[in-house]
Amino acid sequence: MELLAQLAQGFAAAATPANLLMCLLGVALGQLIGVLPGIGPSAAIALLLPLTYGASPTGAIIMFAGIYYGAQYGGTLTSVLINVPGESSSVMTALDGYQMALQGRGGVALGIAAIGSFVAGTLGTLGLMLLAPPLSKIALAFGPPEYCALVLLGLTALAAVGGSVLKGLATGVAGLLLGTIGIDPQVGVPRFDFGQSWLLDGVDFIILAVALFGVGEVLASCRMAAANPILNVGRVLPNREEWRQARMAILRGSGIGFVIGVLPAAGATIASFIAYIAEKKLAKDPARLGKGAIEGVAGPESANNAASAGAMVPMFALGVPGSNTTAVMLAALIMFGMRPGPDMFTTNAKLVWAVIASMFIGNLILLAMNLPLAGLFARLLRIRYSWIYPPILAICVTGVISRANNIEDAWLMLGLGVLGWLMKRYDWSMAPMILGLVLGPIFENALRQSFTLSHGSPAIFVTRPIAAVLLACALVAVTVPLWSRFFRVKTV
Amino acid sequence: MRIVRGELALALLFVALGGLWIARAATMPLWDGFAPASGFMPLWYGILLVALAGMIGATNIVVHHAAKPEEPIGKPLIVLAALAAAIVGVPLVGFALSIFLLMLVLFVAVERLPLLRSMLVAAAASAVLYLVFRTWLGVPLPVGPLGI
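Just so it is clear, the structure is predicted and the values come from calculations on it, not from any experiment.

**Q** Whenever I open this one, the overall build of chain A confuses me. Can you help?
**A** Helix and strand counts for chain A come out as 21 helices and 2 strands. Looking at chain A as a whole, 63% of its 492 residues are labelled buried. In chain A, of all internal contacts separated by at least 6 residues, the share reaching a separation of at least 24 is 78%. Just so you have it, chain A exposes about 17,500 Å², and 68% of that area is on carbon and sulfur atoms.

Right under this line is the structure:
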């Protein structure tokens with residue numbers, strides 16, 4: 001009862017005209033930020049932070065939260081329509097979403113993404129409301145060995161769900177390898193910079209994603225640019241069969257996303273990857289995934305939205321950021337004179353509950369905005385590809401240069417774009433490479449910390465139960481497809 | 001039945017990348033006290049990449065593929081050259097003009113689309129990107145002699 005009373009108070013605070021406006025502004029800005037490659041929600045919040053000096057802390061945090069979960073949906077638009085993920089958490093959506101668009105089902109892809117995001121966002125907010133304290137304790141049980149094992153599981157499972165396990169593993173390792181470029185975070189010495197100062201910051205995810213999915217896709221598809229456009233934009237709402245296929249994916253994605261989002265430093269990207277892997281593993285016909293299966297959009301899209309709610313759990317309950325964006329939001333809370341931590345729910349209950357209530361409202365606004373707009377956005381697919389791909393290349397160049405105002409990044413994008421073209425041409429999966437790049441630094445740090453904790457003994461990975469289970473799953477993920485392939489070959 | 005040469009070249013590219021990492025990582029400290037040092041993970045990534053890409057390359061040679069014509073690469077190479085020219089142009093003529101010219105060249109010279117409509121679309125797209133990134137978000141994109 002106390003919970004409901006607090007939530008009611010939160011709704012009363014969030015439903016003031018000023019806070020409703022901040023919520024609307026936040027989700028609208030978030031969507032726009034999500035569409036633009038090169039600028040993520042953390043950068044957008046950091047840019048807006050000085051503008052909120054003197055503003056109401058509740059209104060400002062409501063807007064920042066809106067930007068965070070709004071951006072998760074914004075990235076979907078470009079993933080589905082032009083195969084360029086606006087955010088790292090939308091990479092997996094591009095795999096099936098773009099295929100759906102090519103099949104004239106772009107409207108349904110955007111529609112199910114909006115519905116999935118709404119359901120997951122609402123369930124995630126409920127989870128934040130009910131489970132914040134106990135889940136924070138579980139998150140604290142995740143030490144370096146568990147993170148190491150989680151990264152290995154993510155990489156091996158994703159490699160295994162692609163067309164060829166060997167190619168998936170190779171591209172995953174190539175991503176890990178690219179992740180070692182720059183300053184070694186542990187000891188602060190430069191590695192693999194080849195004497196180029198612009199490489200000291202490492203290869204940013206956005207450069208690789210834009211290169212592989214944007215430039216690579218354009219180079220692979222421009223040959224057919226003059227072909228007839230997709231005339232059938234189609235419905236926005238899924239039909240009964242599509243809804244049957246997507247509903248469990250939405251629920252699974254919501255659960256996976258929320259739990260992964262709670263883990264500090266895991267976030268929406270890993271959540272969407274794991275949700276996609278889960279859909280592929282659970283599908284009756286896994287071959288459908290990657291060829292326009294609606295579950296391939298519903299799962300990851302639900303997961304990335306639920307993860308943004310999950311990431312608020314450690315932020316509010318422990319004062320530990322669950323992602324880059326919540327780290328900036330944490331800074332904002334401190335700027336407003338608050339002390340995020342275990343007593344946040346008691347000392348700043350009014351603000352916390354107003355933000356939670358605003359997330360319910362914001363998710364409703366997103367659904368109301370996106371269902372009618374999904375059809376409108378999907379109409380872009382009626383335009384001939386000859387008119388589309390030159391602006392896509394312009395967006396790619398702009399996004400990459402705007403990241404650090406560095407022309408060398410554009411050259412790197414060009415080189416990696418050629419690699420993406422060749423990988424697409426010869427059916428090498430690109431997603432493990434991006435996951436490897438994103439997770440490489442986390443993996444290396446966690447590995448070093450694990451060995452330091454165990455005084456150099458690798459036994460730490462098998463004596464801690466969570467790590468041991470995750471490692472066993474990783475082993476199964478990679479050996480089962482190889483074994484079954486070998487077995488098939490022997491029996492044919 | 002034949003070897004897919006493009007795929008073999010791609011596998012060899014990954015082998016070379018792995019080899020480069022092995023060579024560089026071998027000169028770095030590998031272990032420090034209880035924990036891996038700077039060269040440890042890159043060395044293993046290099047070894048793994050050489051092994052995996054090598055296996056893919058070897059499979060490509062050993063397993064014969066059904067003859068399938070390679071797709072022509074002329075147009076993608078022209079698009080690639082236009083993109084490279086635009087990147088060269090960004091610091092010289094400014095961001096806005098460079099991406100405008102990139103789009104215009106692709107519309108008119110590569111896709112043979114009507115000139116006037118191409119100019120309008122290229123100008124509108126460049127203006128939107130300029131306004132959003134430079135004016136609204138304040139990203140200091142390179143400017144050229146025209147001040148944009």
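**Q** Which parts of the structure should I look at to understand the overall build of chain B?
**A** Across its full length, chain B holds 5 helices and 2 strands. In sequence order, the secondary structure elements of chain B are arranged as α-β-β-α-α-α-α. Principal-axis analysis of the C-alpha atoms gives chain B an extent of 60 × 55 × 20 Å. Counting every position in chain B, which comprises 148 residues, the buried fraction comes to 44%. Element-wise, carbon and sulfur atoms account for 76% of the exposed surface of chain B, whose accessible area totals about 7,600 Å². Chain B carries 8 positive and 5 negative side-chain charges, and their two centres are separated by 11 Å.

**Q** How do you make sense of unusual backbone geometry when you look at a structure like this?
**A** Where the residue is not glycine, phi is negative for most of them; where a peptide bond is considered, it is trans in most cases. Residues and elements named next belong to chain A. Although it is not a glycine, Phe 192 adopts a positive phi angle of roughly 50°. Considering the arrangement of structural elements, one finds Phe 192 in the loop between strand E2 (190-191) and helix H9 (205-221). Residue class for Phe 192 comes out buried when judged on its relative accessible area of 2%. A positive phi angle, close to 50°, is found at Asn 405, a residue other than glycine. Within the secondary structure, Asn 405 sits in the loop between helix H17 (385-404) and helix H18 (407-425).

**Q** Any chance you could explain the packing of helix H5 (residues 91-102) of chain A against helix H11 (residues 267-282) of chain A here in plain terms?
**A** Working note: a packed helix pair is described by the angle between its axes plus the distance between those axes. Residues and elements named next belong to chain A. At a minimum axis distance of 8 Å, the contact between H5 and H11 shows a crossing angle of 40°. When the axes of H5 and H11 are compared, the pair comes out oblique. Packed against H5, whose contacting residues are Val 91, Met 92, Leu 95 and Asp 96, the element H11 presents Ser 272, Phe 273 and Tyr 276 at the interface.

**Q** Even after reading the chapter, I still don't get the interface of chain A and chain B, so can you show me in this structure?
**A** How big an interface is tends to be stated in terms of the accessible area lost upon association of its parts. Taken together, the 65 residues of chain A in the interface contact 67 residues of chain B. Both sides of the chain A and chain B interface together cover about 6,000 Å² of buried area, and 81% of this is carbon and sulfur. The interface formed by chain A and chain B contains 1 salt bridge. Note that Glu 7 of chain B is salt-bridged to Lys 167 of chain A, the shortest N-O span being 2.6 Å. Along the contact surface separating chain A from chain B lie 12 residue pairs in polar contact (both at pLDDT 80 or more). Among the secondary structure elements, those contributing two or more residues to the side of chain A that touches chain B are helix H2 (17-35), helix H8 (165-178), H9, H17, H18 and helix H19 (431-453) of chain A. Top element by residues in the side of chain A that touches chain B is H17 of chain A. It accounts for 12 residues. Broken down by class, the residue content of the side of chain A that touches chain B amounts to 48 nonpolar, 9 polar and 8 charged.

**Q** For this particular structure, what's the right way to read the pattern of salt bridges?
**A** For side chains bearing opposite charge, pairing can occur when the charged atoms are close. Residues and elements named next belong to chain A. Under the definition given, this model contains 11 salt bridges over all chains. In this structure, the salt-bridge partner of Glu 242 is Arg 105, at a minimum N-O distance of 3.5 Å. Placement of Glu 242 in helix H10 (residues 240-262) and of Arg 105 in the loop between H5 and helix H6 (106-140) is noted, with a sequence separation of 137 residues between them. Among the salt bridges present, the one from Glu 241 reaches Arg 244, with a minimum N-O distance of 2.7 Å. Taken together, the residues Glu 241 and Arg 244, both in helix H10 and 3 residues apart, mark about one turn of the helix. The class of Glu 241 is partly exposed, set by a relative accessible area of 41%. Here Arg 244 falls in the partly exposed class, since its relative accessible area comes to 42%. Each of Asp 184, Arg 191, Glu 444 and Arg 448 takes part in a single network of salt bridges with overlapping partners.

**Q** Help me out: how do you make sense of helix H4 (residues 95-110) of chain B in this one?
**A** For an α-helix, the turn length of 3.6 residues means that residues three or four places apart are oriented alike. With 16 residues, H4 of chain B ought to run about 22 Å at 1.5 Å a step, and its terminal C-alpha atoms sit 21 Å apart, in line with that. Here the buried face of H4 of chain B lies against H17 of chain A together with helix H3 (74-93) and helix H5 (115-136) of chain B. Of the residues trailing H4 of chain B, Arg 112 of chain B is marked for its positive phi of about 55°.

**Q** Even after reading the chapter, I still don't get the environment of Gly 107 of chain A, so can you show me in this structure?
**A** All names here are of chain A. Examined against the element boundaries, Gly 107 turns out to sit in helix H6. The exposure class assigned to Gly 107 is buried, which follows from its relative accessible area of 0%. Spatially, the C-alpha atom of Gly 107 lies 32 Å from that of Ile 61, the residues being 46 residues apart in sequence.

**Q** Please explain the environment of Leu 437 of chain A as it appears in this structure.
**A** All names here are of chain A. Turning to its location among the elements, Leu 437 is positioned in helix H19. You can call Leu 437 buried: its relative accessible area is 6%. Sequence spacing of Leu 437 and Thr 180 is 257 residues, and the spatial spacing of their C-alpha atoms is 8.4 Å. Apart from the residues within four sequence positions on either side, Leu 437 is in contact with Gly 175, Leu 176, Leu 178, Gly 179, Val 203, Asp 204, Phe 205 and Leu 208.

**Q** In this structure, what is going on with the environment of Leu 43 of chain B? I would like to understand it.
**A** All names here are of chain B. Secondary-structure assignment places Leu 43 in helix H2 (residues 40-62). By relative accessible area, which is 15% here, Leu 43 ends up buried. C-alpha separation for the pair Leu 43 and Leu 17, spaced 26 residues apart in sequence, amounts to 12 Å. Residue contacts for Leu 43: discarding those within four places in its chain leaves Ile 22, Ala 25, Ala 26 and Leu 30.

**Q** Any chance you could explain the confidence of the model for chain B here in plain terms?
**A** Note that predicted coordinates carrying low pLDDT should not be read in detail. Averaged over every residue, the pLDDT of chain B is 90; residues scoring 70 or more account for 93%. Across chain B, the element-wise mean pLDDT spans from 90 in strand E1 (residues 31-32) of chain B up to 96 in H4 of chain B.

**Q** Please explain the nonpolar core as it appears in this structure.
**A** Within soluble globular proteins, side chains that are nonpolar generally end up buried alongside one another. Grouped together as the largest cluster of nonpolar side chains are 166 residues, with contacts concentrated most on Tyr 389 and Met 413 of chain A. Here this core spans two domains, since at least three of its residues come from each of domain 1 (5-62) and domain 2 (74-136) of chain B. In contact with Met 413 of chain A, not counting residues within four places along its chain, are Ile 207, Val 210, Ala 211, Val 215, Cys 396, Val 397 and Val 400 of chain A together with Leu 83 and Ile 87 of chain B. Formed by 54 residues, the second largest nonpolar core is a distinct cluster that contains Leu 49, Ala 120, Phe 258 and Trp 353 of chain A.

**Q** Is there a simple way to think about the packing of H18 of chain A against helix H1 (residues 5-25) of chain B in this case?
**A** It is the contact of H18 of chain A with H1 of chain B, at a shortest axis distance of 10 Å, that shows an interaxial angle of 130°. Classified by the angle their axes make, H18 of chain A and H1 of chain B are oblique. Of the two elements, H18 of chain A crosses H1 of chain B, and the hand of that crossing is left-handed. Counted together, Leu 419, Leu 422 and Met 423 of chain A of H18 of chain A and Leu 10, Leu 13 and Phe 14 of chain B of H1 of chain B form the full contact between these two elements.

Procedures and definitions
- Residues numbered from 1 in each chain as written.
- Chains lettered and ligands numbered in written order.
- Predicted model: local features only at pLDDT ≥ 70, side-chain atom pairs only at ≥ 80, totals over all residues.
- Heavy atoms only, no water.
- Helix = DSSP H or I, 4+ residues; strand = E, 2+ residues; numbered from the N terminus.
- Buried < 20%, exposed > 50% of the residue type's maximum accessible area, 1.4 Å probe, protein only.
- Contact = heavy atoms within 4.5 Å.
- Areas by Shrake-Rupley, 256 points an atom, 1.4 Å probe, with all protein chains shown as cover.
- Lys, Arg positive; Asp, Glu negative; His and termini not counted.
- Charge placed at Lys NZ, Arg CZ, Asp CG, Glu CD.
- Axes fitted to C-alpha atoms, helices over the stretch in contact; angles between N-to-C directions.
- Parallel < 35°, antiparallel > 145°, perpendicular 65-115°, else oblique.
- Buried area = accessible area lost by both parts, 1.4 Å probe.
- Salt bridge = Lys/Arg side-chain N within 4 Å of Asp/Glu carboxyl O.
- Polar contact = N/O pair within 3.5 Å; in protein donor to acceptor, adjacent residues only side chain to side chain.
- Nonpolar A, V, L, I, M, F, W, Y, C, P; charged D, E, K, R; others polar.
- Expected span 1.5 Å × (residues − 1).
- pLDDT = per-residue confidence, 0-100.
- Core = buried A, V, L, I, M, F, W, Y, C linked by side-chain atoms within 4.5 Å.
- Domains from an automatic or database assignment.
- Left-handed = near helix turned anticlockwise from the far one by under 90°.

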